[in-house]
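Architecture and fold: a report
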Amino acid sequence: MVALAEPHFQAWIQSAATNVSVVDKVPADMLHMVDAHWYQFPPMNPLWHSLLGFAIFVLCFISLIGNGMVIYIFTNTKTLRTPSNLLVVNLAFSDFLMMFTMGPPMVYNCYHETWVLGPFACELYGMFGSLFGCVSIWTMTMIAFDRYNVIVKGLSAKPMGNNGALLRIFFVWGSSLAWTLAPFFGWNRYVPEGNMSACGTDYLTDTLLSRSYILVYSIFVYFAPLLLIIYSYIFIIKAVSAHEKNMREQAKKMNVASLRSSEAQSTSTEMKLAKVALVTISLWFMAWTPYLIINYTGIFKAAPITPLATIWGSLFAKANAVYNPIVYGISHPKYRAALYQKFPSLSCTDAADDSQSMASGTTTVVQEEKPSA
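Conventions we followed
- Residues numbered from 1 in each chain as written.
- Predicted model: local features only at pLDDT ≥ 70, side-chain atom pairs only at ≥ 80, totals over all residues.
- Heavy atoms only, no water.
- Salt bridge = Lys/Arg side-chain N within 4 Å of Asp/Glu carboxyl O.
- Helix = DSSP H or I, 4+ residues; strand = E, 2+ residues; numbered from the N terminus.
- Buried < 20%, exposed > 50% of the residue type's maximum accessible area, 1.4 Å probe, protein only.
- Phe/Tyr/Trp six-rings, centres within 6.5 Å; stacked < 30°, edge-to-face > 60°.
- Lys NZ or Arg CZ within 6 Å of the ring centre and 35° of its normal.
- Core = buried A, V, L, I, M, F, W, Y, C linked by side-chain atoms within 4.5 Å.
- Contact = heavy atoms within 4.5 Å.
- Patch = residues over 30% accessible without salt bridge, like charges linked within 9 Å, V, L, I, M, F, W, Y side chains within 5 Å.
- Areas by Shrake-Rupley, 256 points an atom, 1.4 Å probe, with all protein chains shown as cover.
- UniProt positions renumbered as here; feature names shortened; annotations may be inferred.
- Disulfide = S-S within 2.5 Å.
- Polar contact = N/O pair within 3.5 Å; in protein donor to acceptor, adjacent residues only side chain to side chain.

Counted by the stated rule, this structure contains four salt bridges. Where E113 meets K25, a salt bridge forms, and the shortest distance between an N and an O atom there is 2.6 Å. Of this pair, E113 sits in the loop between α3 (83-112) and α4 (119-151) while K25 sits in the loop between α1 (2-18) and α2 (46-76); the two residues are 88 residues apart in sequence, bridging distant segments of the chain. Between R211 and D206 there is a salt bridge; the shortest N-O distance is 2.7 Å. A relative accessible area of 26% means that R211 is categorised as partly exposed.

In total, this model carries 26 aromatic pairs according to the counting rule given. Measuring from centroid to centroid gives 6.1 Å for F96 and F100, while their planes differ by 10°, and the two rings are stacked. Placement of both F96 and F100 in helix α3 is noted, with a separation of four residues, approximately one turn of the helix. A relative accessible area of 23% means that F96 is categorised as partly exposed. Aromatic side chains W284 and F285 sit 5.0 Å apart centroid to centroid with 80° between the ring planes, which places their arrangement in the edge-to-face category. For the pair formed by W284 and F285, the shared burial category is buried. Grouped by ring-pair contacts, the aromatic residues Y222, F223, W284, F285, W288, Y291, Y296 and F300 constitute a single cluster. It is K238 that lies over the ring of F235; its NZ or CZ is 5.5 Å from the centre.

This paragraph deals with the nonpolar core. Membership of the largest hydrophobic core comes to 93 residues, with the highest contact counts inside it found for V23, W38, F74, I137, Y233 and Y335. Broken down by element, this core gets its largest block of residues, 15 residues, from α4. Dropping the residues within four chain positions of it, F74 is found in contact with L80, R81, N85, V88, V89, Y328, H332 and Y335.

Residues F54, F57, V58, F61, I62, I65 and I326 make up a contiguous nonpolar surface patch of roughly 680 Å² in combined accessible area. Ranked by residue count, the leading element in the nonpolar patch is α2, at six residues. Inspection of the secondary structure assignment puts F57 in helix α2.

Following the UniProt record, the feature "transmembrane region" (unreviewed entry) maps to residues 51-74, 86-104, 124-145, 165-187, 214-237 and 276-294 here. Counted over residues 51-74, helix gives 100% and strand 0%. Its end C-alpha atoms are 34 Å apart.

Following the criterion strictly, the structure yields one disulfide and no others. The disulfide partner of C122 is C199, and the gap between their sulfur atoms is 2.0 Å. Its S-S torsion of about -115° marks the bond between C122 and C199 as left-handed, since a negative value means left-handed. Here C199 lies in strand β2 (residues 199-201) and C122 lies in helix α4, a separation of 77 residues in the sequence. C199 carries the same exposure label as C122, and that label is buried.

As for its position among the elements, D146 is in helix α4. A distance of 2.7 Å separates a polar atom in the side chain of D146 from a polar atom in the side chain of S84. Filtering out sequence-adjacent residues up to four positions away, D146 remains in contact with S84 and M160.

So this is what it looks like as structure tokens:
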């Protein structure tokens, strides 16, 4: 215990002599959570705190409105209340809670230019960010599995019912909660980040116990979902390509320009849903990859981490909660149709889209004969 406190004490003595540390404004009850690494950096320009606070405020406003509308429309539109869309609602709910619990505290602390809400609130803040990020990616993984089940297995697949969707949601929340509660019991910890206005996992403490959590948790929350999603989409693309090839060959044998059966139309519909899911998944990995790099840089001491770098990592990660409602607003025709009906002034489509359906179903067979020579 004395050995761990010694570098903090020495760094604090040096900081007190110069009075130019980024830790200067940190309340006394928070100093035991601040790593000695941060004492070497001068105070940040107040403009950065202002810019960060403003950016988080804007992201928070957009996310709460956007995800709130996704939850409202998907739960209050009869045609959208399907087992598969329970996963979509869970994703929007997680993103909503992400910004609801993280946006206001960060804006408040940016105003004070340091964390002023106390140690326990710091730990809760770090846990919430980790929890909702974990829930989001594993919900997306379950969505990818659902697309895989429908597209690759086709009619032989056992459709997911409401109970199956709820079971998956409970698994996602339960496993995510177990991982993110671990730091409260001594496996790593939640501490102030370099800008001192937000909190996250401790990636600077040089112990095997602390490092092992970052490594194992990153496997569970980043690499495992990534590999499973890649696996799902490889087979989805193969299945769709094979189906399209068979349809072209059959149309050629029948001497028609195209053969659009109900099964083909359904497959096309499911592929559109898969593309929407793929876009949201890709945005999640783009948003959280900088934060993963910062964590790995810290545990492997690969390069010095500055307070300014932690700002961008934190901002990118939180911005992920904004992307999904925008993607659905642009790419999900049935959601756009419902949005037009309930909020015409906010919709990015027209009434004609109301006839479009993104759910699996039977469509008419259309055959267009080639003109005779």
